[in-house]
Amino acid sequence: MNDVFPPFLSVACSCIASMLKRNKANFRLRWLKKQFLYIRVGDEDNGSEESMKMPSVKYQRGEMVMGRWPGSSLYYEVKVLGYDTKSQLYTVIYKDGTELELKEQDIRNIAGFQTRSRSRSRSRSPGRRRSRSRSPARTTRRSSSRTAAAVAAAAIMESAPSSRRDAKLKDTLEVRLSPLQQTSAAENNSNNKHEKKEENNTANKVNEFESKVEAEPELNQGRYNLRRRKEDGDAKPVETKPEQLEEKDAKVAAAAPANLSTPLDFGGKIGAYFWLLFLPAWVLFVVLQGDLEDPSLVNFPPPLPPLEEFWDAQALGFVILWVLLQALLYILPFGKLSEGMPLSSGERLKYRTNGFFAITVSALAAAAAVYLGVDLTYIHSHFLQLATATFLISVLLSAYLYVHSCYAEPAQLALGGNSGNVVYDFFKGRELNPRIKNFDLKFFCEMRPGLIGWCLINFAMALAEMKEQRLDAPSYSMILVNLFQLLYVVDGLWNEEAILTTMDLMHDGFGFMLAFGDLVWVPFTYTLQAYYLVSHPNPLSLPAVGAIITLKLVGFYIFRKSNSEKNAFRRNPSDPKLSHLKTIPTATGKSLLVSGWWGVVRHPNYLGDLIMALAWSLPCGFSHLLPWYYMIYFIILLVHRDSRDMSECRRKYGSAWDEYCRTVRYRIIPRVY
């Protein structure tokens, strides 16, 4: 019996030891799961539990960490500048100098980005591995954050137990398990950049661990704060709702949804009511002033004519035929098929840029009409009726655009025109690029009926001046106004591709504001100089003509050179022809021009525009204020646009924009403004 007992005891002890070892492993696994769930519960309770286990300030001042760029899934190396206990936000600075305030969940320990699980295939060739020098702006293949956490846990379970290992285990759980809070697969892509090889047994433990540990989804609200610095005051943080991103790499580049909250322009919702009433009333006022013997912008509004004088069926038919002619010329397969700037989805729309062809055909048609005896002075005598007919068409078009936008995809809506208020959205425009098949309505209205119609009206006013003043040829003043404005329009149509990089095409929705502006405001207010000269001639001497022409050419040179410089840089910043230009890099990956014309003032194209506007008004003299309306209006317009650009660029580029403003001090006029 005693001889049998020692072997039995040995076997029993061996079994007990094996059971203890297995139980110890199971206990360690349960402990890992408990710690994971403990951290999760602490997060969901707004940090009440987490504050008991973790220090109140996780990242210290001066520490280098990885910060998530707002609105994207990309992480960049940043330096912690401080922590605000009241707002619970970390102030961090990126390498380009941009300072932002981020929440703790948007910050990761650098150590978490330096270990990567083994590639999915054991036979993956070295040539297929990702390069370490890959740009952080480019996305990599998808990986699971649970896999990263499991790799860390499996590696720790494999090591010998000690107090030091336990401490490392807790640190690893706090750092490596935190990406499990991200529900979007796109946010995990950036972690793949720092992958390292792992052993086969580690990969097996990962699969075993993943089958046992399940992560619960979390609602990520208030993900980041766009408040730039504490010096900005006590402004409330601008928080955004979580984006539901697809797991496909093609969707990673998608921008924020169109219903993201943005500041309302033009006085907001109340301002929309005002502008809807004021803009048509103002056009009516200046048109009626032009017929007065003493036209002035400071005069009391003249009495309204009878209602029947506003309407003329022939005028409406003329406007409809003109729009149809321009639409036909637009769709003809002449000219270049140009690509627009990338949309939020990465798509580039195509545009038929044949505006120069359109104005050439329109000029030939006008000349043929005069040759055939058509009286184009009808445009001058029925100016009010034509303006009324065009206004009705713009209202109908705006209503169609609003209804059409209700059936558009969310990604097709403009960021600033999707406020939820019907009147404001009708005015500002909800859809960014409304189209009927390949016919782009916004691009067509921007460049065709109103812009070419502006030149046609000026030509008709020159004929009306000759008829009314009994002249054999138009006056010098009328010739200068016609030639200056014709040059401006022809230049715009010759460089039609450049408009694809402007604010109107890239950011603004197409609604009443642009429809009315393109079809009514441009052709019936920009022609006021020619309309004024028909009844109020202003003789000019040859020296005065020479001085005005010189002023016009200077303004045109500044306008064209600066716009060409900007357009070329936006389309291809790496063009060798632009290598001499100095720039300021930004965290968005784009750069800001600080040399050439854009190093003189922030908006040199606006400066050229203002000089040309002055040259358009000088031929009319100083007897009345009405012909100077365009100059006054343009100053107000450009100052407002400058303020919009300033606020948008400061939000977009952060501290890089402040550096740009310190480098280029003046906005439009050197040493003045």
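Residues numbered from 1 in each chain as written. Predicted model: local features only at pLDDT ≥ 70, side-chain atom pairs only at ≥ 80, totals over all residues. Heavy atoms only, no water.

Trainee: How should I be thinking about the overall build of the protein chain in this particular structure?
Mentor: A count of helices and strands for the protein chain gives 21 helices and 11 strands. Pairs at least 24 apart in sequence give 74% of the contacts found in the protein chain among residues at least 6 apart. Total accessible area on the protein chain stands at roughly 35200 Å², and carbon and sulfur atoms take up 60% of it. (Helix = DSSP H or I, 4+ residues; strand = E, 2+ residues; numbered from the N terminus. Contact = heavy atoms within 4.5 Å. Areas by Shrake-Rupley, 256 points an atom, 1.4 Å probe, with all protein chains shown as cover.)

Trainee: Quick question: what am I supposed to make of the sheet that holds strand β1 (residues 64-68) here?
Mentor: Consider a sheet: its strands pair through backbone hydrogen bonds, and that pairing is either parallel or antiparallel. Taken together, five strands build an open sheet; the order of strands is β4-β3-β2-β1-β5 and the sheet is antiparallel. The open sheet has two free edges, formed respectively by β4 (99-102) and β5 (107-108), since each of these has just one partner strand. Pairing of strand β3 (residues 89-94) with β4 involves four bridges; the strand directions are antiparallel. From the neighbouring strand, Y90 faces β4, where its bridge partner is L102. (Pairing = 2+ DSSP bridges.)

Trainee: I tried to follow the pairing of β1 on my own but got confused; where do I start?
Mentor: Consecutive residues of a regular strand have side chains that alternate between opposite faces of the sheet. Within β1, four of the five residues are buried, which leaves the element mostly enclosed by the surrounding structure. Pairing geometry for β1 and strand β2 (residues 75-84), over five bridges, is antiparallel. By the bridge assignment for β2, R68 is matched with Y75. Across two bridges, the pairing between β1 and β5 is antiparallel. Across the sheet, M66 pairs through a bridge with R108, a residue of β5. (Buried < 20%, exposed > 50% of the residue type's maximum accessible area, 1.4 Å probe, protein only.)

Trainee: Help me out: how do you make sense of the pattern of salt bridges in this one?
Mentor: Oppositely charged side chains are able to pair whenever their charged atoms sit close together. The full count for this structure, using the stated rule, is 11 salt bridges. Between E496 and R448 there is a salt bridge whose closest N-O contact spans 2.8 Å. With a gap of 48 residues between them, E496 in the loop between α14 (476-494) and α15 (503-506) and R448 in the loop between α12 (441-447) and α13 (449-469) connect regions that are remote in the sequence. You can call E496 buried: its relative accessible area is 1%. D642 is the partner of R667 in a salt bridge, and the nearest nitrogen-oxygen pair spans 2.8 Å. With R667 in the segment after α21 (655-663) and D642 in helix α20 (residues 629-653), this residue pair connects regions lying 25 residues apart in the sequence. (Salt bridge = Lys/Arg side-chain N within 4 Å of Asp/Glu carboxyl O.)

Trainee: Explanation requested: a nonpolar patch on the surface in the structure shown.
Mentor: Nonpolar side chains collect at one region of the surface, where Y476, I479, L483, L486 and L542 lie side by side and expose about 470 Å² of accessible area between them. Here the nonpolar patch gets four residues from one element, more than from any other, and that element is α14. Its location among the elements puts L486 in helix α14. (Patch = residues over 30% accessible without salt bridge, like charges linked within 9 Å, V, L, I, M, F, W, Y side chains within 5 Å.)

Trainee: What am I meant to see in the state of the cysteines here?
Mentor: Disulfide: a covalent bond formed between the sulfur atoms of two cysteine residues. Inspection of every chain in the model, using the stated rule, returns zero disulfides. In this structure C649 is not part of a disulfide, and its nearest cysteine sulfur, from C661, lies 8.4 Å away. Taking the relative accessible area as the measure of exposure, C649 reaches 17% and is therefore buried. (Disulfide = S-S within 2.5 Å.)

Trainee: Just checking my understanding: could you explain the side chain of K552 for this structure?
Mentor: Within the secondary structure layout, K552 lies in helix α18 (residues 542-571). The side chain of K552 sits in the buried core without any salt bridge; D609 is the nearest counter-charge, 7.6 Å away. Not counting residues within four places of it along the chain, the set of residues in contact with K552 comprises F484, L487, Y488, M612, A615 and W616. (Lys, Arg positive; Asp, Glu negative; His and termini not counted.)

Trainee: Hey, could you run me through the environment of A315 in this one?
Mentor: The topology assignment puts A315 in helix α7 (residues 313-331). In this structure the C-alpha to C-alpha distance between A315 and T388, which are 73 residues apart in sequence, comes to 8.8 Å.

Trainee: Help me out: how do you make sense of the packing of aromatic side chains in this one?
Mentor: Given two aromatic rings, one states the distance between the centres and the angle between the planes to describe the pair. Under the definition given, this model contains 38 aromatic pairs. Look at F356 and W494: their rings are 5.0 Å apart centre to centre, the planes differ by 85 degrees, and that puts the pair in the edge-to-face class. Of the two residues, F356 is situated in helix α8 (residues 355-371) and W494 in helix α14; the sequence distance between them amounts to 138 residues. For W494, a relative accessible area of 59% puts it in the exposed group. For R430, the ring lying beneath its charged end belongs to Y402, and the centroid distance is 5.9 Å. When the ring centre of Y351 is taken as reference, the NZ or CZ atom of R435 above it lies at 4.9 Å. (Phe/Tyr/Trp six-rings, centres within 6.5 Å; stacked < 30°, edge-to-face > 60°. Lys NZ or Arg CZ within 6 Å of the ring centre and 35° of its normal.)

Trainee: Which parts of the structure should I look at to understand the pairing of β3?
Mentor: The buried count for β3 comes to five of six residues, which makes it a mostly enclosed element. The pairing of β2 with β3 spans six bridges and is classified as antiparallel. Note that in β3 the partner of Y83 across the bridge is Y90. Following β2, the chain reverses through four residues before pairing antiparallel with β3; Q88 in that reversal takes a positive phi of roughly 55 degrees.

Trainee: What is the right way to read α21 from this model?
Mentor: The α-helix winds at 3.6 residues per turn, so residues separated by three or four positions along the chain end up facing the same way. Burial in α21 covers these residues: S655, A656, W657, D658, Y660 and C661. Elements that come into contact with the buried residues of α21 comprise β4, β10 (583-585), β11 (591-593) and α20.

Trainee: When you look at the packing of α8 against α13 in this model, what are you seeing that I'm missing?
Mentor: Working note: a packed helix pair is described by the angle between its axes plus the distance between those axes. Two elements in contact, α8 and α13, have axes separated by 10 Å at closest approach and are oriented at 25 degrees. In terms of axis orientation, α8 runs roughly parallel to α13. The way α8 lies across α13 gives a crossing that is right-handed. Residue-level inspection shows A358, I359, S362, A366 and V370 of α8 in contact with α13, the latter providing I452, C455, L456, F459 and L463. (Axes fitted to C-alpha atoms, helices over the stretch in contact; angles between N-to-C directions. Parallel < 35°, antiparallel > 145°, perpendicular 65-115°, else oblique. Left-handed = near helix turned anticlockwise from the far one by under 90°.)

Trainee: For this particular structure, what's the right way to read the packing of helix α6 (residues 268-289) against helix α10 (residues 383-405)?
Mentor: Running from amino to carboxyl end, α6 crosses α10 at an angle of 165 degrees, the nearest separation of the two axes being 10 Å. Taken together, α6 and α10 sit at an angle that is classed as roughly antiparallel. Classified by chirality, the crossing of α10 by α6 is right-handed. Contacts from P280, L284, V287 and L288 of α6 reach α10 at F383, L384 and F391. Of the residues belonging to the contact of α6 with α10, the class tally is seven nonpolar, no polar and no charged. (Nonpolar A, V, L, I, M, F, W, Y, C, P; charged D, E, K, R; others polar.)

Trainee: Please explain α20 as it appears in this structure.
Mentor: If you check α20, its first and last C-alpha atoms are 35 Å apart, about what 25 residues at 1.5 Å a residue would give, namely 36 Å. If you check which residues of α20 are buried, you get Y629, Y630, M631, Y633, F634, L638, D642, R644, D645, M646, C649 and Y653. One or two residues past the end of α20 sits G654, with phi positive at roughly 65 degrees. (Expected span 1.5 Å × (residues − 1).)

Trainee: Would you explain the confidence of the model for the protein chain in this entry?
Mentor: Detailed reading of the predicted coordinates is not advisable wherever pLDDT falls low. Per-residue pLDDT for the protein chain averages 74, and the proportion of residues at 70 or more is 68%. A low-confidence stretch, residues 1-9 stays under pLDDT 50, and its non-local contacts, those more than four residues away or across chains, total zero contacts. pLDDT under 50 marks residues 33-55. Its contacts with residues more than four places away, or in other chains, come to 31 contacts. (pLDDT = per-residue confidence, 0-100.)

Trainee: Where do I start with the environment of L581 in this structure?
Mentor: Summarising the element assignment, L581 is placed in the loop between α18 and β10. The spacing of L581 and V594 is 13 residues in sequence and 7.5 Å in space, taken between C-alpha atoms.

Trainee: How do you make sense of unusual backbone geometry when you look at a structure like this?
Mentor: Glycine aside, the phi torsion of most residues is negative, and most peptide linkages are trans. In the Ramachandran plot, K437 falls in the positive-phi region, its phi being about 60 degrees despite a non-glycine side chain. Mapped onto the elements, K437 comes out in the loop between β8 (435-436) and β9 (439-440). For R470, which is not glycine, the phi torsion reads 55 degrees and is therefore positive. Tracing the sequence through the fold places R470 in the loop between α13 and α14.

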